Amino acid sequence: HAKNLANFDSMVSYVSAYGTDYNPTKPSLSPEALQNLLTESRNAIADVYLAFSVYSNAVAARDVAFKPLNKLVTRVINALKAVDTSSQVDDIARTISRKIQGVRAKAKLTDEEKNALEAEGKTVIEISASQTSFDLRLENFDKLIKLLSTIPLYEPNENDLKVASLIALHQDLAGKNSAVIAAAVTLSNARISRNKFFYKPDEGLVDIALAVKAYVKSLFGS
């Protein structure tokens, strides 16, 4: 895109240097129209760069915020083990925590183990246990918080393990995830707009440039 813009800029300079000799009948090929298209295309590509910067910053902020989550969840599970809850509740909590962390309940089979089972005529199908997309991690973190809120015995002294703190953290993580989604939409729209100015059939920068080239060849010869 940047190369196309640079070449179009160079072409407009050539057209301006032709002076009155350059006099196409098509309005979209006039020097004024070319200059306007050049300005619009510059703005469109600048909007993409800006939107990409905002998106990159949002992604980085989300990554930093989510990075400590796995260790925190492990601490939560250990705090839960330290109180007299039922084994069923502990199992549910561990299952949710594994989904947050993308950890398997059972280790994946090695290639040798798979081959041995297949040699016995057994079909080996392993479903991915990873649910580590940000949306799913948030969903499972919310499930864990709701589970903890139903356990009266879960009252840790550590502030960051308290249910209220976990709720606040979930809200912060959700906000940062939403910021990434919003920034991605803005970036997508900026790219759509840029592509319209650059590549729309007959009206975009590329097709206009080809038309200018054809006119100049008709004017001065190949």
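J.: So what about the packing of helix H3 (residues 69-81) against helix H6 (residues 134-149)? Which residues, and what values?
T.: Packing of H3 against H6 brings their axes to within 12 Å, and their N-to-C directions diverge by 20 degrees. The angle between H3 and H6 places the two elements in the roughly parallel class. At the point where H3 passes H6, the crossing takes the left-handed sense. Where H3 approaches H6, its residues Leu69, Asn70, Val73, Val76, Ile77 and Leu80 are matched on the opposing element by Arg137, Phe141, Leu144 and Leu148. Residue composition of the contact of H3 with H6, grouped by class: eight nonpolar, one polar and one charged.

J.: Help me get a handle on unusual backbone geometry, residues and values and all.
T.: Phi at aspartate 202 is positive, roughly 75 degrees, even though this residue is not glycine. Overall, the relative accessible area of 58% leaves aspartate 202 in the exposed class.

J.: Describe in detail the pattern of salt bridges, supporting the description with residues and values.
T.: According to the stated counting rule, one finds seven salt bridges in the structure shown. The salt bridge partner of aspartate 91 is arginine 94, with a shortest N-O separation of 2.3 Å. Residue aspartate 91 and its partner arginine 94 are located together in helix H4 (residues 87-101), separated by three residues, close to a single helical turn. Since its relative accessible area comes to 38%, aspartate 91 is described here as partly exposed. For glutamate 203, the salt bridge identified is with lysine 200, shortest N-O distance 3.3 Å. With a relative accessible area of 51%, glutamate 203 lands in the exposed category.

Calculation rules
Residues numbered from 1 in each chain as written. Predicted model: local features only at pLDDT ≥ 70, side-chain atom pairs only at ≥ 80, totals over all residues. Heavy atoms only, no water. Axes fitted to C-alpha atoms, helices over the stretch in contact; angles between N-to-C directions. Helix = DSSP H or I, 4+ residues; strand = E, 2+ residues; numbered from the N terminus. Parallel < 35°, antiparallel > 145°, perpendicular 65-115°, else oblique. Left-handed = near helix turned anticlockwise from the far one by under 90°. Contact = heavy atoms within 4.5 Å. Nonpolar A, V, L, I, M, F, W, Y, C, P; charged D, E, K, R; others polar. Buried < 20%, exposed > 50% of the residue type's maximum accessible area, 1.4 Å probe, protein only. Salt bridge = Lys/Arg side-chain N within 4 Å of Asp/Glu carboxyl O.

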